Amino acid sequence: MALQFSPLHPLFAAEVHGLDLRSTPGPEVCAEIDRGMDRYGVLVFRDQALDDDQQMAFGQALGPLEQDRGVVDVHKNRLKHHNMADISNLDLDGSLLAADDRRRMFNLGNRLWHSDSSFKKTPAKYSMLHGRVVPPDGADTEFADMRAAWDALAPAMQRKLLPLQTWHSLIYSRAKLGFVEYTDEERARFAPVPQRMVRFHPGSGRRSLYLSSHIGRIEGMQVPEAMALLRDLEEHATQRSFVYAHKWRLHDLVMWDNRSLLHRARAFEDTVHKRDMRRVTLTDCAPTLEQRAG
Ligand code: OGA
Ligand code: MN
């Protein structure tokens, strides 16, 4: 079966036609999806009325799933599968989270450009986000192509960045929004991990800039100098020509490659309208420092 891809942006991102994901695809279709991901980085599957089990089964068909979620108040879990991420603004009973709910404050971190689970030793490969309840306005998800961002850097900057090692933690990203209160257990679970600044993507043979709001230090660099460099890099890497903004429709399934893209959530009236999105996340094969650099 040949899948059809229609590009959504000049550089990356495509819509996939001809699949009903309620039946889990076999290995050949999964291999085509992987090739599409290597090329496009973001794939959009429209009109997929999936339940949790079907979404999990699709993830499992593509590769091993992440086992734990990087969240606070981890015991307050609304979903049936412990490793499905709840990307909603809903409480356990399905009502809107209160404006001052700690989980809402923490989740606002998704509004910063990031790569999923870059704060884990072995970070995320693909994320698959499914729209179950979509609010009427706003709440786009934006993606930025870090391969294009790398290619557009001056050679001297590329040489400077290539050997660098960064430190990532949820504590660093949330501190950027002023969220600083943790239990001892959360502090231990969110301890910083090292990653490469520049990655090599085996499926496309391309290098990419591995940025994320979770970065709070660069090894061997003074913190203000590192943070100033990271701001410049993020500004370069998220210029509009590198960004695809996804406008959600009900039952879209959007899959992205965290190895080569950044993404962020955009604002909406989240104390007025419900948004129920659920994410299945594939784990990468190893910590980035154990993967080849190019
Ligand atoms: C995520 C995420 C953005 C959004 O699911 O990992 O960052 O728009 N989502 O909800
Ligand atoms: Mn995310």
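What counts and how
- Residues numbered from 1 in each chain as written.
- Chains lettered and ligands numbered in written order.
- Predicted model: local features only at pLDDT ≥ 70, side-chain atom pairs only at ≥ 80, totals over all residues.
- Heavy atoms only, no water.
- Disulfide = S-S within 2.5 Å.
- Buried < 20%, exposed > 50% of the residue type's maximum accessible area, 1.4 Å probe, protein only.
- Pairing = 2+ DSSP bridges.
- Helix = DSSP H or I, 4+ residues; strand = E, 2+ residues; numbered from the N terminus.
- Contact = heavy atoms within 4.5 Å.
- Axes fitted to C-alpha atoms, helices over the stretch in contact; angles between N-to-C directions.
- Arc of directions from axis to C-beta.
- Polar contact = N/O pair within 3.5 Å; in protein donor to acceptor, adjacent residues only side chain to side chain.
- 1 Å grid on protein atoms, 1.4 Å probe; cavity = no way out; pocket = protein on both sides within 12 Å on 5 of 7 lines; lining within 4 Å.
- Points joined across faces, edges and corners; volume = space filled by probe spheres on them.
- Nonpolar A, V, L, I, M, F, W, Y, C, P; charged D, E, K, R; others polar.
- Near = heavy atom within 4 Å.
- Areas by Shrake-Rupley, 256 points an atom, 1.4 Å probe, with all protein chains shown as cover.
- Donors = N, O, S within 2.8 Å, 3.2 Å for Na, K, Ca; no water.
- Parallel < 35°, antiparallel > 145°, perpendicular 65-115°, else oblique.
- Salt bridge = Lys/Arg side-chain N within 4 Å of Asp/Glu carboxyl O.

Asker: I'd like to hear about the state of the cysteines, residue by residue, with values.
Answerer: Under the definition given, this model contains zero disulfides. Here C30 stays free of any disulfide, with the sulfur of C285 as its closest cysteine sulfur at 18 Å. Here C30 falls in the buried class, since its relative accessible area comes to 5%. On the basis of relative accessible area, C285 is assigned to the exposed category, the value being 67%.

Asker: Outline the sheet that holds strand β15 (residues 276-283), supporting the account with residue identities and numerical values.
Answerer: The strands making up a sheet associate through hydrogen bonds between their backbones, and the pairing can be parallel or antiparallel. An order of β1-β2-β3-β13-β5-β15-β4 is seen for the seven strands of this open sheet, with the pairing classed as mixed. For this open sheet the edge positions go to β1 (4-7) and β4 (85-86), each flanked by a neighbour on one side alone. Relative to β15, β4 is paired through two bridges, and the arrangement is antiparallel. Paired with A85 across the bridge in β15 is R279. Helix α1 (residues 27-40) contacts β1, β2 (14-17), β3 (42-45), β5 (124-133) and β13 (253-257) of the sheet and is inclined by roughly 125 degrees relative to β3.

Asker: Can you tell me about the environment of E32, naming the residues and giving the values?
Answerer: Relative to the assigned elements, E32 resides in helix α1. For E32, a relative accessible area of 15% puts it in the buried group.

Asker: Outline helix α2 (residues 52-62), supporting the account with residue identities and numerical values.
Answerer: All buried positions along α2 are accounted for by D52, Q55, M56, F58, G59 and L62. The buried residues of α2 occupy an angular sector of 160 degrees when the element is viewed end-on, so they sit on one face. The elements touched by buried residues of α2 are α1, β3, β5, β13 and β15. The N-cap residue of α2 is D51: its side-chain oxygen and the backbone nitrogen of D53 are 3.2 Å apart. One or two steps after α2, the chain reaches G63, where phi turns positive at roughly 155 degrees.

Asker: So what about the layout of surface pockets? Which residues, and what values?
Answerer: Looking at the largest pocket, its volume works out to about 350 Å³. In terms of lining, the largest pocket is formed by 14 residues, of which the most central are K176, S213, L230, R231 and E234. Sorting elements by how many residues they give to the lining of the largest pocket places helix α8 (residues 223-237) first, with four residues. Tallied by class, the residues present in the lining of the largest pocket amount to seven nonpolar, two polar and five charged. Here the second largest pocket defines a volume of roughly 160 Å³. Looking at side-chain class alone, the lining of the second largest pocket contains four nonpolar, one polar and five charged residues.

Asker: Describe the site of ligand 1, naming the residues involved and giving the relevant values.
Answerer: Every residue close to ligand 1 is listed here: I87, N110, H114, D116, L129, T141, W256, H263, A265, R275 and R279. A distance of 3.1 Å is found between an oxygen atom of ligand 1 and a side-chain nitrogen or oxygen belonging to H114. Protein burial of ligand 1: of its 290 Å² of free accessible surface, 99% is covered by the chains. Counted by class, the shell around ligand 1 contains four nonpolar, four polar and three charged residues.

Asker: If you had to explain the side chain of N258 to someone new, which residues and values would you point to?
Answerer: Relative to the helices and strands, N258 is located in the loop between β13 and β14 (261-265). In this structure, N258 is in contact with S115, D116, A124, K125, Y126, S127, R199, Y210 and H263, ignoring residues within four places of it in sequence.

Asker: Describe in detail the coordination of the manganese ion (ligand 2), supporting the description with residues and values.
Answerer: Around the manganese ion (ligand 2), the protein supplies H114 (NE2), D116 (OD) and H263 (NE2) as donor atoms, at distances of 2.1 to 2.2 Å. Read from N- to C-terminus, the donor residues coordinating the manganese ion (ligand 2) fall into the pattern H-x1-D-x146-H. Taken together, the residues D116 in the loop between α3 (102-107) and β5 and H263 in strand β14 connect sequence positions 147 residues apart. The pair D116 / H263 is uniform in exposure class, with both members buried.

Asker: Before we move on, could you go through the packing of α1 against α2 and cite the residues and values that matter?
Answerer: One can describe the packing of α1 onto α2 by two numbers: an axis separation of 9 Å at closest approach and a directional angle of 80 degrees. Classified by the angle their axes make, α1 and α2 are roughly perpendicular. Contacts between α1 and α2 involve C30, I33 and D34 on the former and, on the latter, F58, A61 and L62. The class makeup of the residues in the contact of α1 with α2 is five nonpolar, no polar and one charged.

Asker: Break down the pattern of salt bridges for me, with residues and values.
Answerer: Evaluated as defined, the whole model comprises 26 salt bridges. Notably, a salt bridge pairs D252 with R46, separated by 2.9 Å at the nearest N-O pair. Separated by 206 residues along the polypeptide, D252 in the loop between β12 (243-246) and β13 and R46 in the loop between β3 and α2 bring together distant segments of the chain. As far as the burial class goes, D252 and R46 line up, both buried. Ionic pairing is found between D284 and R199, a salt bridge with its closest N-O pair at 2.7 Å. One end of the pair, D284, is in the segment after β15; the other, R199, is in strand β9 (residues 198-201), and 85 residues separate them in sequence.

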